[in-house]
Amino acid sequence: MSGTEKAMQGVADTLREFWAHRPVRPRAGRKLGGVATGIALRYRIDPVIVRIAFVALALSGGVGLPLYLAGWLLLPEEGDEVSPLEALTNKGSSSMSQGQTVLLGILMFPTLAFTFGGNSGFQVFVTLAATIACIYLLQKNRGHLQPATLADPAAPAVPLAPGAPAWDPLGAAPFAWDLPEPAPAPQAQPPAPRQRKPRIGLMTMGVATLVVAASAIAGAWVPWFTVPHTIGLVIAVLSAGLLVGSFTGGGRGLIWLLVPASVVGFGMTAVDFDGSPTRLSNYDETPKSVSELRDRYETSVGSVRLDLRQLPDSGSVKTAIDVDLGEAVVRVPKNADVTFTCEASSIGDLDCLGKRAEGSSVEVSGRDLGENGEGGLEIELDVRSSVGEVRVLRD
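Residues numbered from 1 in each chain as written. Predicted model: local features only at pLDDT ≥ 70, side-chain atom pairs only at ≥ 80, totals over all residues. Heavy atoms only, no water.

Q: An account of the packing of helix H3 (residues 47-59) against helix H4 (residues 64-74) is requested, with residue identities and associated values reported.
A: The description of two packed helices rests on the angle between their axes and on the distance between the axes. It is the contact of H3 with H4, at a shortest axis distance of 7 Å, that shows an interaxial angle of 135 degrees. By the criterion of interaxial angle, the relationship of H3 to H4 is oblique. Counted together, Phe54, Leu57 and Ala58 of H3 and Gly64, Leu65, Leu67 and Tyr68 of H4 form the full contact between these two elements. Residues of the contact of H3 with H4, tallied by class, amount to 6 nonpolar, 1 polar and no charged. (Axes fitted to C-alpha atoms, helices over the stretch in contact; angles between N-to-C directions. Helix = DSSP H or I, 4+ residues; strand = E, 2+ residues; numbered from the N terminus. Parallel < 35°, antiparallel > 145°, perpendicular 65-115°, else oblique. Contact = heavy atoms within 4.5 Å. Nonpolar A, V, L, I, M, F, W, Y, C, P; charged D, E, K, R; others polar.)

Now the structure itself:
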């Protein structure tokens, strides 16, 4: 077996060990489904760090949403035999009802559509790969630790026995109450000075500053180093600092930088600050000349409604519409010659000049000459949606 095969085998063994001893979602101390708290208790790290990591992933493209739902479905709850998803396949019992499990499974579809529809496949792949790498590092370095526990605040206090001495508050040995009080315990020695924690926060800030400076310089020659991409690099550096800090016990102050950076990063990818929204927007346009028609209409979440019936009766026009999540409707003149391609890449409903299709990854195309046959305005349409409806109508 080569060195690469041994390394891959080691990674596979570690991930199998993670699944065999996966975190358990506690009933107490959780904020929602207990996924973040369960991971923190399993690996004895601060629950706040895990929660912030999920929030950062949710704000940076939405990947944290399906990951959290997957943890909710795949991690068993405290006291259960198996996870909710496994209980649905009759592998054991779970305190979550089958209806709740099915509901969580249904919620996975819109969150996955939002994640994959609003981001490039490469970005999603890199984020998932980084998440798997973090799970691998946690299991590799802290998988041997016994899970921490949370005290149950609802447990009733044990009443003290009346008249019991200080050394027997529960009254376990009343026959010895007449004995003299035991000698006081020797005073504890002053604790040794605490070891100085590594300055993870300061070092991470230094690396983030260098990244910003290097991106500003490189941006003069490499167009990729835009402001949103630079913010993404800073978020990656801050996340790495938090991960290292979870092992060394430092860097918690980075949370207050990561959250606003994630919010700004999400906002800059959702809205084009040059003035024309291209991510979260609705278009409703009726061009009256060829020059008024855009070459392309794009939106991530929203709708595009385009009425071409006011265009001249001659000439040729061409446009494309790309909607990630929403509706695209195009109305064409009754005598125009229309060449069209309509597609729903994930799931959708198509109705394009009489050609219909619905379901997952569907496409229709063709050429329609209108009521008067060939002749008149030539229109070429390319209308696509990841999740939603596509309509090309002649009325």
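Right, picking up where we left off after that structure.
Q: Please provide a residue-by-residue account of the pattern of salt bridges, values included.
A: Going through the model one piece at a time under the given rule, you end up with 17 salt bridges. A salt bridge links Arg305 to Glu327, with the shortest nitrogen-to-oxygen separation between them at 2.7 Å. You can see Arg305 sitting in strand E2 (residues 296-307) and its partner Glu327 sitting in strand E3 (residues 316-332), a full 22 residues away along the chain. Since its relative accessible area comes to 36%, Arg305 is described here as partly exposed. One connected set of salt bridges, linked through shared partners, spans Arg27, Arg30, Glu77 and Asp80. (Salt bridge = Lys/Arg side-chain N within 4 Å of Asp/Glu carboxyl O. Buried < 20%, exposed > 50% of the residue type's maximum accessible area, 1.4 Å probe, protein only.)

Q: Quick one: what's the story with the state of the cysteines, residue by residue and with numbers?
A: One way to say it: the disulfide is the covalent bond shared by the sulfur atoms of two cysteines. Inspection of the entire model under this criterion finds 1 disulfide. Each sulfur in the disulfide pair Cys342 and Cys352 lies 2.1 Å from the other. Measuring the twist about the S-S bond at about -120 degrees, one finds the Cys342-Cys352 disulfide to be left-handed. Using a relative accessible area of 0% as the deciding quantity, one classes Cys342 as buried. For Cys352, a relative accessible area of 0% puts it in the buried group. (Disulfide = S-S within 2.5 Å.)

Q: So what's going on with unusual backbone geometry? Which residues, and what values?
A: The phi dihedral of Arg44 is positive, around 55 degrees, even though this residue is not glycine. Residue position: Arg44 is located in the loop between helix H2 (35-43) and H3. For Arg44, a relative accessible area of 44% corresponds to the partly exposed category.

Q: Summarise the environment of Val304; cite the residues concerned and give the values.
A: Tracing the backbone shows Val304 in strand E2. Measuring from C-alpha to C-alpha, the distance between Val304 and Asp284 comes to 6.1 Å, with 20 residues separating the pair along the chain. Apart from the residues within four sequence positions on either side, Val304 is in contact with Tyr283, Tyr297, Thr299, Ile321, Val323, Glu327, Ala328 and Val329.

Q: Run through the packing of aromatic side chains, naming residues and quoting values.
A: Summed over all chains, the structure comprises 3 aromatic pairs. Here Tyr68 and Trp72 contribute two aromatic rings whose centre-to-centre distance is 6.2 Å and whose plane-to-plane angle is 85 degrees, an arrangement assigned as edge-to-face. Linking Tyr68 with Trp72, this pair stays in helix H4, spanning 4 residues, or about one helical turn. An identical accessibility class is assigned to Tyr68 and Trp72; each is buried. Between Tyr283 and Tyr297 the ring centres are 5.8 Å apart and the planes differ by 80 degrees, which places this aromatic pair in the edge-to-face class. (Phe/Tyr/Trp six-rings, centres within 6.5 Å; stacked < 30°, edge-to-face > 60°.)

Q: Quick one: what's the story with the pairing of strand E4 (residues 337-352), residue by residue and with numbers?
A: Two elements, E4 and strand E6 (residues 378-394), share 14 bridges in a ladder whose sense is parallel. Note that in E6 the partner of Thr339 across the bridge is Glu380. Between E4 and strand E5 (residues 355-368), which pair antiparallel and follow one another directly, the connecting turn spans 2 residues, one of which, Leu353, has a positive phi of 50 degrees. (Pairing = 2+ DSSP bridges.)

Q: Kindly report on the nonpolar core, identifying the contributing residues and their values.
A: Ranked by internal contacts, the top residues of the largest apolar core, which has 30 residues, are Leu308, Ile321, Val330, Val332, Ile379, Leu381 and Val392. Beyond its immediate chain neighbours, meaning those up to four positions away, Ile321 contacts Tyr297, Val304, Leu306, Ala328, Val330, Asp382, Val383 and Arg384. Membership of the second largest hydrophobic core comes to 18 residues, among which are Tyr43, Leu69, Met96 and Leu104. (Core = buried A, V, L, I, M, F, W, Y, C linked by side-chain atoms within 4.5 Å.)

Q: Outline H3, listing residues and values.
A: For H3, which comprises 13 residues, the first-to-last C-alpha distance of 19 Å matches the rise-based estimate of 18 Å (1.5 Å per residue) to within 8%. Considered for burial, the residues of H3 that qualify are Ile49, Val50, Ile52, Phe54 and Ala56. Capping of H3 at its N-terminal end is provided by Asp46; its side-chain oxygen lies 3.0 Å from the backbone amide nitrogen of Val48. (Expected span 1.5 Å × (residues − 1). Polar contact = N/O pair within 3.5 Å; in protein donor to acceptor, adjacent residues only side chain to side chain.)

Q: Help me get a handle on H2, residues and values and all.
A: The buried fraction of H2 amounts to 9 of the 9 residues, a majority that puts the element mostly inside the structure. Looking at the residues trailing H2, positive phi occurs at Arg44, about 55 degrees.

Q: Requested: an account of the pairing of E3, with residues and values cited.
A: The side chains of a regular strand alternate, residue by residue, between the two faces of the sheet. Strand direction decides the pairing type here: E2 and E3, joined by 11 bridges, are parallel. What sits directly across from Arg296, in E3, is Ala320.

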